[in-house]
Amino acid sequence: EAFIARSRMLVTAEFVEGTTLEELCREGRLSAAQAVRATCDVLSGLEEAHALGIVHRGITAEHVMVTKDGEVKLGGFGLAKPASDVNLTQAGAVLGDARYISPEQVMGIGALDGRADLYSVGILLFYALTGRVPFDDANDFDIMVAQVSTQPPRPSSLNPGIAPELERIVLTAL
């Protein structure tokens, strides 16, 4: 008899008590220090995922948890895939929240890699600093068109207190 090995993937998740970045931003924009700290923590988590060859593909403020102790945790890895996966992108298939996905995800061209996640982190930082995402509309199609064809507003146009260096970081990410 032939022995057929089956591999199974098991995903476990830590239970995190706290609030989402989305909930915190709905209460009002974060201070620059809070926004930068949260973003740096998200980037640390992504650094580990990217080192393992994993592209998150679903970064949103709802997937960032802030614990009672102020610790920031990145969740929402339901759309994550290895960057080497040949099925990472499919023509005509758009996955994720249209307000956060990168132009290359919208267009479905080329292989996705960690840069798509960095774009989403730029949206996250924009949101934390201004209280809104740069592209929003009543329907996802219009948001995706804007992601591809429209320059984002300057964060300082929505929050004049943003330092020029921080604004440059946000706009570079986008």
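Residues numbered from 1 in each chain as written. Predicted model: local features only at pLDDT ≥ 70, side-chain atom pairs only at ≥ 80, totals over all residues. Heavy atoms only, no water.

## Re the overall build of the chain
Alright, step 1. In terms of regular secondary structure, the chain is built from seven helices and five strands.
Alright, step 2. In sequence order, the chain lays out its α and β elements as β-α-α-β-β-β-β-α-α-α-α-α.
Alright, step 3. When each of the 174 residues of the chain is scored for burial, the buried share is 37%.
Alright, step 4. In the chain, the proportion of contacts linking residues at least 24 apart, taken out of those at least 6 apart, comes to 65%.
Alright, step 5. Accessible surface, the chain: about 10300 Å² in total, of which carbon and sulfur atoms supply 54%. (Helix = DSSP H or I, 4+ residues; strand = E, 2+ residues; numbered from the N terminus. Buried < 20%, exposed > 50% of the residue type's maximum accessible area, 1.4 Å probe, protein only. Contact = heavy atoms within 4.5 Å. Areas by Shrake-Rupley, 256 points an atom, 1.4 Å probe, with all protein chains shown as cover.)

## Some words on the packing of helix α2 (residues 32-51) against helix α4 (residues 114-130)
Alright, step 1. One way to put it is that α2 packs onto α4 with a least axis distance of 10 Å and a crossing angle of 165 degrees. Considering the angle they form, α2 stands roughly antiparallel to α4. Remark: the crossing between α2 and α4 carries right-handed chirality. Contact residues: α2 offers A32, A35, V36, T39, V42, L43, L46 and H50, while α4 offers G114, D117, L118, V121, L124, L125, A128 and L129.
Alright, step 2. In terms of residue class, the contact of α2 with α4 is built from twelve nonpolar, three polar and one charged. (Axes fitted to C-alpha atoms, helices over the stretch in contact; angles between N-to-C directions. Parallel < 35°, antiparallel > 145°, perpendicular 65-115°, else oblique. Left-handed = near helix turned anticlockwise from the far one by under 90°. Nonpolar A, V, L, I, M, F, W, Y, C, P; charged D, E, K, R; others polar.)

## Overview of the nonpolar core
For soluble globular proteins, the rule of thumb is that nonpolar side chains tend to be buried together.
Alright, step 1. Among the nonpolar cores identified, the biggest contains 34 residues, and L21, V42, V64, Y100, L124 and L129 are the most heavily contacted of them.
Alright, step 2. Going through the elements one at a time, α1 (21-26), α2, β3 (64-67), β4 (72-74), α4, α5 (140-149) and α7 (164-173) are the ones with two or more residues in this core.
Alright, step 3. The biggest single contributor to this core is α4, with nine residues.
Alright, step 4. Ignoring anything within four residues of it in the chain, the contact list for L21 reads L30, A61, V64 and L124. (Core = buried A, V, L, I, M, F, W, Y, C linked by side-chain atoms within 4.5 Å.)

## Focus on the side chain of T130
Alright, step 1. Relative to the assigned elements, T130 resides in helix α4.
Alright, step 2. With a relative accessible area of 9%, T130 lands in the buried category.
Alright, step 3. Within polar-contact distance, the side chain of T130 engages the backbone oxygen of F126 at 2.8 Å.
Alright, step 4. Contacts of T130, omitting those with residues within four sequence positions, involve R29, P155, L158 and I162. (Polar contact = N/O pair within 3.5 Å; in protein donor to acceptor, adjacent residues only side chain to side chain.)

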